[in-house]
2 protein chains.
Amino acid sequence: MTVQDAAAVDVRAAAVAWEELFRAQVAIMRRLQRDPIWDRVSLREYDVLFTLSRAPGGLRLRDLAESSLLSQPSLSRMVERLEEDGWVRRAPAPGDGRGVLVALTDDGAALQREVGRRHVQAIAHYVGGALDAEQLAALTRVAGDLRAAQPGIADLDRGAEGDRGAAAP
Amino acid sequence: MTVQDAAAVDVRAAAVAWEELFRAQVAIMRRLQRDPIWDRVSLREYDVLFTLSRAPGGLRLRDLAESSLLSQPSLSRMVERLEEDGWVRRAPAPGDGRGVLVALTDDGAALQREVGRRHVQAIAHYVGGALDAEQLAALTRVAGDLRAAQPGIADLDRGAEGDRGAAAP
DNA sequence: GTCCGTTCCATGCGTTCGCATCTACCCCCA
DNA sequence: TGGGGGTAGATGCGAACGCATGGAACGGAC
């Protein structure tokens, strides 16, 4: 086997792995979407509420955007809608006149818990029902490794071709 | 450990695994989106072209919808746009006056190959660069199992609470 | 042949998205 | 202290989405 062949195998293996990961995610997501629990907030909105539920003091809009699936403008408008619906509260960020601090209201926290509980049940149904404990652990591990190996979003703009794993100076 | 505790652990393990899978997929997808190759077709459009590239005789719109990320109306309009751009051809389905058969044009097939080649390189970079061969194989296997265990989309509407794994009568 | 329920795709409509851009504010250095 | 580059979030705008629905074609019952 030549060096080129070996590289081609690696490329192919990565592409196949990604396609499986992608399709599995789509398949599960479609089923989760069918759940009738998304009448008050959409799944994407829930994802924001969930992230906020882990940050008791609230989060800067900018930090929220980083862990969100949305672009910054879309998130800005989604937070606006969530505030109108009473799930979220916006306040000026302490110490930074530009910033906005977003936090759950009591209603928002209650909604997140209620929806979250049912959502987890659905996940257990579709994911837990398909994989045993060992497979779940393997999936958790490898997906975690995959995500951990990605460069920070800030590093993306200045060259994705740089060395991965190179320690910061 | 009680039976309830064991069940709770399972639910939690499934939820954690799903979250890792989901976040890894989002992280990778965001990076793939940054690739400058999406100026002629979007990633979602490419996904449709890719599916068509594996079906030499073309596909019914309904079959395309099943493997797509989009709703049927959205796919219908996307195919309309792809046809306007010359990547795809629509024809009446033989033997079914309601159906539409979608197939790649020569230009569409060429575009799919060209974009696909570059896309695979990006995947190799972000996925292959993060996981070794063994991890890639593990990911492929478990993601494949996860997807294979999902009920067909047609089965979804008549009760997701039914027994999993029950053989069809 | 006719009827009736189902399937397939297209279309009207309101919502949400991303891109580009704008304003306000922060920070640093001369 | 005042200017200039950089960052945080909001907004105008066109594109694309999903839901609900419409019209045509299929297929089995009678």
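This report concerns the structure included in the present document. The shown structure was predicted, so the numbers you read here are calculated from the model rather than taken from an experiment.

1. Topic: the overall build of chain A
Phase 1 of the analysis: Each helix and strand counted, chain A has 7 helices and 3 strands in total.
Phase 2 of the analysis: Counting helices and strands in the order they occur from the N terminus, chain A gives α-α-β-α-α-β-β-α-α-α.
Phase 3 of the analysis: Within chain A, buried positions represent 43% of all 169 residues.
Phase 4 of the analysis: Long-range contacts, defined here as pairs at least 24 residues apart, represent 50% of the contacts in chain A between residues at least 6 apart.
Phase 5 of the analysis: Carbon and sulfur atoms make up 50% of the accessible area of chain A, which amounts to about 9,400 Å² in all.

2. Brief notes about the environment of R60 of chain A
Residues and elements named next belong to chain A.
Phase 1 of the analysis: Along the chain, R60 turns up in strand β1 (residues 59-60).
Phase 2 of the analysis: On the basis of relative accessible area, R60 is assigned to the partly exposed category, the value being 26%.
Phase 3 of the analysis: As for R60 and G99, which are separated by 39 residues in sequence, their C-alpha atoms are 6.7 Å apart.
Phase 4 of the analysis: Among all residues touching R60, those that are not within four sequence positions of it are A93, D96, G99, V100 and L101.

3. Some points on the sheet that holds strand β3 (residues 100-104) of chain B
All names here are of chain B.
Phase 1 of the analysis: As summarised here, the arrangement of the 3 strands in space is β1-β3-β2, forming an open sheet in which the pairing is antiparallel. The open sheet terminates on both sides in strands that have one partner only, identified here as β1 (59-60) and β2 (88-92).
Phase 2 of the analysis: Inspection of the sheet shows β2 paired to β3 by 5 bridges, in the antiparallel sense. Bridge assignment links R89 to a residue of β3, and that residue is A103.
Phase 3 of the analysis: Against the sheet, helix α4 (residues 72-84) contacts β2 and β3, and its axis sits at roughly 115° relative to β2.

4. What to know about the relation of the copies chain B and chain A
The relation between the two copies of this chain is a rotation about an axis and a shift parallel to it.
Phase 1 of the analysis: Rotating chain B by 180° and translating it 0.0 Å along the rotation axis places it on chain A, where the RMSD comes to 0.1 Å. Taken together, the rotation and translation describe the operation of a two-fold axis. For chain B, the residue whose C-alpha comes nearest the rotation axis is L139 of chain B, separated from it by 3.4 Å.

5. Let's talk about the pattern of salt bridges
Phase 1 of the analysis: Within this structure, the stated rule accounts for 19 salt bridges over all chains.
Phase 2 of the analysis: Across the salt bridge formed by R147 of chain B and E20 of chain A, the nearest N and O atoms sit 3.7 Å from each other. Residue R147 of chain B is located in helix α6 (residues 133-148), and its partner E20 of chain A is located in helix α1 (residues 3-34); the two belong to separate chains.
Phase 3 of the analysis: Here D96 of chain B makes a salt bridge to R98 of chain B, at a shortest N to O gap of 3.0 Å.
Phase 4 of the analysis: For D96 of chain B, a relative accessible area of 16% translates into the label buried.
Phase 5 of the analysis: Each member of the salt-bridge network shares a partner with another, and the members are E19 and R23 of chain A together with D47 and R54 of chain B.

6. Some words on helix α2 (residues 43-53) of chain B
Phase 1 of the analysis: Summarising burial for α2 of chain B: 9 of the 11 residues are buried, a large majority.
Phase 2 of the analysis: The complete set of buried residues in α2 of chain B reads L43, E45, Y46, D47, V48, L49, F50, T51 and L52 of chain B.

7. What about the environment of W87 of chain B?
Residue and element names in this part refer to chain B.
Phase 1 of the analysis: By secondary structure assignment, the location of W87 is in the loop between α4 and β2.
Phase 2 of the analysis: Taking C-alpha positions, W87 is 8.2 Å from L49, a pair spaced 38 residues apart along the chain.
Phase 3 of the analysis: The residues touching W87, leaving out its near neighbours within four places in the chain, are R40, V41, L49, L82, L104, T105, D107, G108 and L111.

8. A word on the interface of chain B and chain A
Phase 1 of the analysis: Facing 64 residues of chain B, the contacting portion of chain A comprises 63 residues.
Phase 2 of the analysis: Considering only the side of chain B, the residues that lose the most area to chain A are W18, R23 and R30 of chain B, jointly responsible for 11% of the buried surface there.
Phase 3 of the analysis: For the interface between chain B and chain A, the tally reads 6 salt bridges.
Phase 4 of the analysis: The residue D47 of chain B makes a salt bridge to R23 of chain A at a minimum N-O spacing of 3.3 Å.
Phase 5 of the analysis: Counting across the interface, chain B meets chain A through 14 residue pairs in polar contact (both at pLDDT 80 or more).

Thresholds applied
Residues numbered from 1 in each chain as written. Chains lettered and ligands numbered in written order. Predicted model: local features only at pLDDT ≥ 70, side-chain atom pairs only at ≥ 80, totals over all residues. Heavy atoms only, no water. Helix = DSSP H or I, 4+ residues; strand = E, 2+ residues; numbered from the N terminus. Buried < 20%, exposed > 50% of the residue type's maximum accessible area, 1.4 Å probe, protein only. Contact = heavy atoms within 4.5 Å. Areas by Shrake-Rupley, 256 points an atom, 1.4 Å probe, with all protein chains shown as cover. Pairing = 2+ DSSP bridges. Axes fitted to C-alpha atoms, helices over the stretch in contact; angles between N-to-C directions. Least-squares fit on C-alpha atoms with pLDDT ≥ 70 in both. Salt bridge = Lys/Arg side-chain N within 4 Å of Asp/Glu carboxyl O. Buried area = accessible area lost by both parts, 1.4 Å probe. Polar contact = N/O pair within 3.5 Å; in protein donor to acceptor, adjacent residues only side chain to side chain.

By themselves, these observations are geometric and do not establish any function.
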